[in-house]
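One-letter residues, chain by chain:
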Amino acid sequence: ACGGGDGSGGGGGNAAKEANGADKGGSSSGALKKVTFWHAMGGTNQKVVEQMVTDFNASQKNVQVEAIYQGTYDDLLSKLKASMGSKDSPTLVQMYEIGSRFMMDSKTTTQMQKFIDMDKYDLSQLEPNIVSYYTHSGKLDSMPFNTSNAILYCNKDLFKAAGLDPEKPPKTFDELQKSADAITKTGKASGANFAIYGWFMEQLLANQGAEYVNNSNGRSALATESTVNGDAGIKTLTWWKNLVDSKAAINLGRKTDDSKKAFSAGQVGMILESTASLKGLVDSAQGKFEVGTGFLPKPSDGKEGGVIVGGASLWIMNDRPDDEQKAAWDFVKYLASPKVQAYWHINTGYFPITKAAYEDQTVKDNMKKFPQFQTAVDQLHQTKSNSATQGAVIGVFPEARQIVEGAIEEVINNKKSPKEALDGASKEITSKIQQYNKTVKQ
Ligand SMILES: O=P(O)(O)OC[C@H](O)CO
C-alpha cells in the first residue's frame, strides 16, 4: 500500500535555531560523532526533515547527523531487516507505529527509557496519549517523532455547490453518505474517495471502540487472535461498499497519492487522509478551492471510541558504539524540543509531540491562518485512552494491514461479502500471529 510521508505537505523556511541543542545534552565530548539516521519522509516532508538536520548540525560541534531517505515506511522496514547484524546498520531509525512490536522483539534496539533515565529527561513535557502509544510495561521503547491521525478532508466549494453547509463536515456514516450523494448529483465531482489503505480501517475500528486483536489489543499479553471481523468491521465495510455501489464515492485503488491527486484536482468532494498531508493539500488547493477538515466519521449508533496515534517514532540501534548511541539521543532530544516540533507541525501537519510547542507564537499564528490544523489536535485531545484507541501491538502488523487491504478490495470488487472477506482476513492474520509468536517465544 502506501507508505508514510509520500510527498505532500511540507514547506521550506528555516527551522528553529534556538531549540535545546545537543551541546546541552551531556553525552558528546571529544571527537565528532556521526549519526546515520534512516527515515521515510518523502517529497516536501523530506525537505523539512533535511532542514531540521542541517539546523541541528549547525547548532553544535559534537554530533553530525546524516539523514538518509529510505523510501516508504514499508521499504524502510525491509531495508532495516536486511541490514540487521551487518556493518551497514544505521544509528537511528524512524519506524512507523505498526513496526513497534517487531522492533521490540528484534532485540536490536536500546530502549529509549535508558537515555531518559540517564539524563533525567522530563517525559511529562510530551503529550500523554502519544507517549502512551510507545510505552510498554511502563517503559518508553522509542521516542515519538512524527505523529498523525486520519481526518476527513472536504472541498468546501463542492459542498456549497451541492447545497451543503461547508462549515459542517459530516460526522456519521449516514451523514457522509448523504453529503457524498449530494455532491455526486451536482455532476461536478464524485462525492468521496477513500484509498484502500489498511490504516483507515484501523482508525475507523478504534473510532467505534473496537480492538484489532485480542488481549486488549496485544497490550495485556501477546495477542493470539485477530478480531477485525467483529461488528464494527462489518458495519464499516458495508457502508464503504454502499458508498461505491451508489456512486456516492469512487474507488481509485490503494494509493493515497491517487486519492490526494483527485482531491487536489477537484474531482472528489471528500477524502480520508493523514494529517501529514494537511500542509501539502491546503497549499495545492490555494486559488482553486477551500479545504475543510472534519473528524473521522462513525456510525450513529457506534460505541465510544477515538483515534489511534499514527505516524512513526525513533529507535536507537544497539549494535552501534555507546557514544554514537548517546549522540543519537542528543539529536532525538533536539527533534522533540518545542521549537523544532512547532516548525515540524506548521510545515507538515503532523502535530507537536511536545505540549509547549502549542504555546509557540508560530503555531498560534498558523492556527489562526489555517484553522484546519486544529481538527487533528482536537480529535487527538478528545480521544480517551483505552485499549482500542491505544492501538494494537502485533509483530506481524505490516502483513496484517496488507491482508485487510486485500479484504477491502474483495468487498468493493464484489468478490465477497463484508463478513466473508473479514472472516478470511481474520483467519489469515491469526495464523500469522501464531506463527510469529512461536518464533518470539523460542
Ligand atoms: O502517513 P503517516 O506518517 O501519517 O502515517 C500513517 C500511518 O500511521 C503509518 O502506519
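In this text the structure is predicted, and so the values were computed from the model without any measurement.

**A short note on the overall build of the protein chain**
For step 1, the next point in the chain: When helices and strands are counted, the protein chain shows 18 helices and 13 strands.
For step 2, the next point in the chain: Here the C-alpha radius of gyration of the protein chain, 21 Å, is about what a compact globule of 442 residues would show, namely 22 Å.
For step 3, the next point in the chain: Seen along its three principal axes, the alpha-carbon backbone of the protein chain occupies a region of about 70 × 55 × 35 Å.
For step 4, the next point in the chain: Within the span of the protein chain, comprising 442 residues, buried residues form 55% of the whole.
For step 5, the next point in the chain: For the protein chain, the proportion of contacts with a sequence separation of at least 24, taken over those separated by at least 6, is 80%.

**As for the environment of glycine 406**
For step 1, the next point in the chain: Turning to its location among the elements, glycine 406 is positioned in helix H17 (residues 397–412).
For step 2, the next point in the chain: For the pair glycine 406 and isoleucine 196, spaced 210 residues apart in sequence, the C-alpha separation works out to 8.6 Å.

**Notes on the confidence of the model for the protein chain**
For step 1, the next point in the chain: Residue-level pLDDT values for the protein chain average 92, and 93% of them are 70 or greater.
For step 2, the next point in the chain: Ignoring residues within four places in sequence, the model shows residues 1–28, a span with pLDDT below 50, making 119 contacts including any to other chains.
For step 3, the next point in the chain: Both scores are available for the predicted complex, with the pTM at 0.91 and the ipTM at 0.99.

**Comments concerning the packing of helix H14 (residues 338–348) against helix H15 (residues 361–369)**
How two helices pack is summed up by the angle between their axes together with the distance between the axes.
For step 1, the next point in the chain: At a minimum axis separation of 9 Å, H14 and H15 run at an interaxial angle of 20°. By the criterion of interaxial angle, the relationship of H14 to H15 is roughly parallel. Handedness of the H14/H15 crossing: left-handed. Counted together, Ala342, His345 and Ile346 of H14 and Thr362, Val363 and Asn366 of H15 form the full contact between these two elements.

**Focus: the domain arrangement of the protein chain**
For step 1, the next point in the chain: The domain architecture assigned to the protein chain consists of domain 1 (6–148 + 310–359) and domain 2 (150–306 + 383–441).
For step 2, the next point in the chain: Put simply, the middle of domain 1 and the middle of domain 2, counted by C-alpha atoms, are 28 Å apart.
For step 3, the next point in the chain: Listed as interface residues are 29 residues of domain 1 and, on the opposing side, 24 residues of domain 2.
For step 4, the next point in the chain: The set of elements that each furnish at least two residues to the side of domain 1 that touches domain 2 consists of strand S1 (6–7), helix H1 (43–59), helix H2 (73–83), helix H3 (100–106), helix H5 (128–133), strand S8 (143–148), strand S13 (310–317) and H14.
For step 5, the next point in the chain: When residues in the side of domain 1 that touches domain 2 are grouped by element, the largest group, four residues, is from H3.
For step 6, the next point in the chain: When its residues are assigned to classes, the side of domain 1 that touches domain 2 shows six nonpolar, 18 polar and five charged.

**Quick look at H1**
For step 1, the next point in the chain: Taking 1.5 Å of rise per residue, the 17 residues of H1 would be expected to cover 24 Å, and the 25 Å separating its terminal C-alpha atoms lies within 8% of that figure.
For step 2, the next point in the chain: Within H1, burial applies to Thr44, Asn45, Val48, Val49, Met52, Val53, Asp55 and Phe56.

**Overview of the environment of methionine 367**
For step 1, the next point in the chain: Take methionine 367: it is sitting in helix H15.
For step 2, the next point in the chain: Separated by 21 residues in the primary sequence, methionine 367 and isoleucine 346 have C-alpha atoms spaced 8.7 Å apart.
For step 3, the next point in the chain: Ignoring sequence-local partners within four residues, the contact set of methionine 367 consists of Phe373 and Gln374.

**Here we look at the sheet that holds strand S10 (residues 190–193)**
Each strand in a sheet pairs with another by means of backbone hydrogen bonds, the pair being arranged parallel or else antiparallel.
For step 1, the next point in the chain: With mixed pairing, the four strands of this open sheet are ordered in space as S10-S11-S9-S12. Only two strands of the sheet have a single partner each, and these edge strands are S10 and strand S12 (291–294). When strand polarity is set aside, the average angle formed by the axes of neighbouring strands in this sheet is 25°.
For step 2, the next point in the chain: Bridging between strand S9 (residues 150–155) and strand S11 (residues 268–274) involves five bridges; their strand directions are antiparallel. The partner of isoleucine 151 across the bridge, within S11, is glutamate 273.

**Quick look at the pairing of S11**
For step 1, the next point in the chain: Summarising burial for S11: seven of the seven residues are buried, a large majority.
For step 2, the next point in the chain: As paired strands, S10 and S11 are joined by three bridges and run parallel to one another. Following the sheet pairing, serine 190 is matched in S11 by valine 268.

**Observations concerning the nonpolar core**
For step 1, the next point in the chain: Among the nonpolar cores identified, the biggest contains 129 residues, and Tyr153, Ala192, Phe331 and Ile394 are the most heavily contacted of them.
For step 2, the next point in the chain: Considering each element in turn, this core owes the most residues, eight residues, to helix H13 (residues 322–336).
For step 3, the next point in the chain: Here this core spans two domains, and each of domain 1 (6–148 + 310–359) and domain 2 (150–306 + 383–441) adds at least three residues to it.
For step 4, the next point in the chain: In this structure, isoleucine 394 is in contact with Arg101, Val213, Gly218, Ala223, Ala400 and Ile433, ignoring residues within four places of it in sequence.

**Notes on the pairing of S9**
Regular strands place their side chains on alternate faces of the sheet.
For step 1, the next point in the chain: Among the six residues of S9, six are classified as buried, and the element is accordingly described as predominantly covered.
For step 2, the next point in the chain: With four bridges connecting them, S9 and S12 associate as antiparallel partners. Paired with cysteine 154 across the two strands is glycine 292, which belongs to S12.

**Observations regarding H14**
For step 1, the next point in the chain: With eleven of its eleven residues buried, H14 lies for the most part within the structure.
For step 2, the next point in the chain: For H14, the set of buried residues is Pro338, Lys339, Val340, Gln341, Ala342, Tyr343, Trp344, His345, Ile346, Asn347 and Thr348.
For step 3, the next point in the chain: Lining the buried residues of H14 we find H1, helix H12 (278–285), H13 and H15.
For step 4, the next point in the chain: A positive phi of about 125° marks glycine 349, the residue just after H14.

**Remarks on unusual backbone geometry**
For step 1, the next point in the chain: Even without glycine at this site, lysine 107 takes up a positive phi of about 60°.
For step 2, the next point in the chain: Residue position: lysine 107 is located in the loop between H3 and strand S5 (109–110).
For step 3, the next point in the chain: Not every positive phi belongs to a glycine, and asparagine 215 is a case in point at roughly 55°.
For step 4, the next point in the chain: When you line up the elements, asparagine 215 lands in helix H9 (residues 214–218).
For step 5, the next point in the chain: A count of 17 C-beta atoms within 10 Å places asparagine 215 in the partly exposed class.

Reading guide: rules and limits
- Residues numbered from 1 in each chain as written.
- Predicted model: local features only at pLDDT ≥ 70, side-chain atom pairs only at ≥ 80, totals over all residues.
- Helix = DSSP H or I, 4+ residues; strand = E, 2+ residues; numbered from the N terminus.
- Rg over C-alpha atoms; globule rule 2.2 N^0.38 Å.
- Buried ≥ 20, exposed ≤ 12 C-beta atoms within 10 Å, placed from the backbone.
- Contact = placed C-beta atoms within 7 Å.
- pLDDT = per-residue confidence, 0-100.
- Axes fitted to C-alpha atoms, helices over the stretch in contact; angles between N-to-C directions.
- Parallel < 35°, antiparallel > 145°, perpendicular 65-115°, else oblique.
- Left-handed = near helix turned anticlockwise from the far one by under 90°.
- Domains from an automatic or database assignment.
- Nonpolar A, V, L, I, M, F, W, Y, C, P; charged D, E, K, R; others polar.
- Expected span 1.5 Å × (residues − 1).
- Pairing = 2+ DSSP bridges.
- Core = buried A, V, L, I, M, F, W, Y, C linked by C-beta atoms within 7 Å.

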